[in-house]
Amino acid sequence: IFIFWYFFSLLNTNALSKNIIYGKARIVDGDTIHIGQKKIRLHGIDAPENEQGCTYQNKNWNCGLESKKFLLNLTVNKTISCESSGKDKYKRYIAICFIDNLNINKIMVKTGWAIAYRYYSTDYINEENFAQKNKLGIWRGEFEEPYIFRKKNK
């Protein structure tokens, strides 16, 4: 019985260390969602800002809005489950989010609508390489890395 309780307490402690947020998402941009009153920043990825432009075949296009639209289409009428292990300096939950077993963070990078946010994580570098090689999403043309765009446009 002691062994059972010992393992149960380990499982329970592990479950408590991750905050699970569950529900329908409101899409803010390509890497930020709200579920209820909870603001969630998708872990390990950086998507263009809503007002950010990119260039494709010498024409400007709003890649930030396209990134947001992709995430919106991916999540519309779906229940999202996010596993958070903490908050950022803006008090947003940092999380890996899923639709069933599909990792949304990974999908955003692999389809080229976000980049791997190497400053915080190396989790999605392979997905970024795939998108870049296949010229998907923002990789079809030229773009400024979102964190640089944010820094310049504060």
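As the structure is a computational prediction, the values presented were derived from the model and not from experiment. For every chain, the first residue of the written sequence is number 1, and numbering continues from 1 along that sequence. Predicted model: local features are reported for residues with pLDDT of at least 70 only, side-chain atom pairs are reported and counted for 80 or more only, and whole-chain, interface and lining totals are derived from all residues. For the side-chain quantities, the full set of heavy atoms in the structure was used; hydrogens and water were omitted.

S.K.: I'd like a description of the overall build of the protein, backed by residues and values.
M.R.: Numbering of helices and strands runs from the N terminus; a helix is a DSSP stretch of H or I covering at least four residues, while a strand is a stretch of E covering at least two. Scanning the protein from N- to C-terminus turns up 5 helices and 11 strands. We call a residue buried when its accessible area falls under 20% of the maximum for its residue type, exposed when it is over 50%, and partly exposed in between, using a 1.4 Å probe and counting protein chains only. Evaluated residue by residue, the protein yields a buried proportion of 40% over its 154 residues. In this analysis, two residues are considered to be in contact whenever any of their non-hydrogen atoms come within 4.5 Å of each other. Considering only residue pairs separated by 6 or more positions, the protein has 56% of its internal contacts joining residues 24 or more positions apart. With residues, only the protein chains shown are counted as cover, and all accessible areas are computed by Shrake-Rupley using a 1.4 Å probe. Put simply, the protein shows about 9,900 Å² of open surface, and 54% of that area lies on carbon and sulfur atoms.

S.K.: Quick rundown of the packing of aromatic side chains? Include the residues and the values.
M.R.: Aromatic rings from Phe, Tyr and Trp, with only the six-membered ring used for Trp, were paired whenever their centres fell within 6.5 Å, and each pair was classed as stacked if the ring planes differed by under 30 degrees, edge-to-face if by over 60, and tilted otherwise. With the rule as written, the count across this model stands at 6 aromatic pairs. Among the aromatic residues, those joined into a cluster by ring pairs are Y117, Y119, Y120 and Y147. Counted as over-ring charges are cases with an Arg CZ or a Lys NZ within 6 Å of the ring centre that also lie within 35 degrees of the ring normal. For the cation-ring pair, K110 lies above F130, with the distance from its terminal atom to the ring centre recorded as 4.9 Å.

S.K.: So what about the state of the cysteines? Which residues, and what values?
M.R.: The disulfide definition used here is simple: a pair of cysteine sulfur atoms within 2.5 Å. Under the criterion given, the structure shown has 2 disulfides. Two residues, C54 and C63, share a disulfide whose sulfurs are 2.0 Å apart. Between C54 and C63, the S-S torsion sits near 65°, and that sign places the bridge as right-handed. For C54, a relative accessible area of 2% gives the class buried. Residue C63 is classed as buried on the basis of its relative accessible area, which comes to 0%. Sulfur-sulfur distance for the disulfide between C82 and C97 comes to 2.1 Å. Taking the sign of the S-S torsion, 110° for the link of C82 and C97, the bridge is right-handed.

S.K.: With reference to specific residues and values, describe the nonpolar core.
M.R.: Generally speaking, a soluble globular protein has its nonpolar side chains buried in company with each other. Membership of the largest hydrophobic core comes to 29 residues, with the highest contact counts inside it found for I33, I40, I80, C82, C97 and I104. Of all the secondary-structure elements, those providing two or more residues to this core are β3 (32-35), β4 (38-42), α2 (63-75), β8 (79-87), β9 (93-99), α3 (104-110) and β11 (115-116). Joining through side-chain atoms within 4.5 Å is the link that ties buried Ala, Val, Leu, Ile, Met, Phe, Trp, Tyr and Cys residues into a set, and such a set is a nonpolar core.

S.K.: Quick rundown of the pairing of β9? Include the residues and the values.
M.R.: Counting buried residues in β9 gives 5 out of 7 residues, a clear majority hidden from the surface. The pairing of β4 with β9 spans 3 bridges and is parallel. Its bridge partner being in β9, I40 is matched across the sheet by Y93. Two strands qualify as a pair provided DSSP detects at least 2 bridges between them. Of the pairings in the sheet, the one linking β8 to β9 comprises 6 bridges and is antiparallel in character.

S.K.: Summarise unusual backbone geometry; cite the residues concerned and give the values.
M.R.: For N77, which is not a glycine, the phi torsion comes out positive at approximately 60°. Looking at where N77 falls in the secondary structure, it is placed in the loop between α2 and β8. Of note in the backbone geometry, K91 takes a positive phi value of approximately 65° without being a glycine. Along the chain, the position of K91 falls in the loop between β8 and β9. On the basis of relative accessible area, K91 is assigned to the exposed category, the value being 64%.

S.K.: Break down the pattern of salt bridges for me, citing the residues and quoting the values.
M.R.: We define a salt bridge as a side-chain nitrogen of Lys or Arg found within 4 Å of a carboxyl oxygen belonging to Asp or Glu. Following the criterion strictly, the structure yields 9 salt bridges and no others. The residue R150 makes a salt bridge to D46 at a minimum N-O spacing of 2.9 Å. Separated by 104 residues along the polypeptide, R150 in helix α5 (residues 146-152) and D46 in strand β5 (residues 45-46) bring together distant segments of the chain. When its relative accessible area of 25% is taken as the criterion, R150 is described as partly exposed. Residue D46 is classed as buried on the basis of its relative accessible area of 0%. Linked through salt bridges whose partners overlap, the residues forming this network are D31, R41, D46, E49 and R150.

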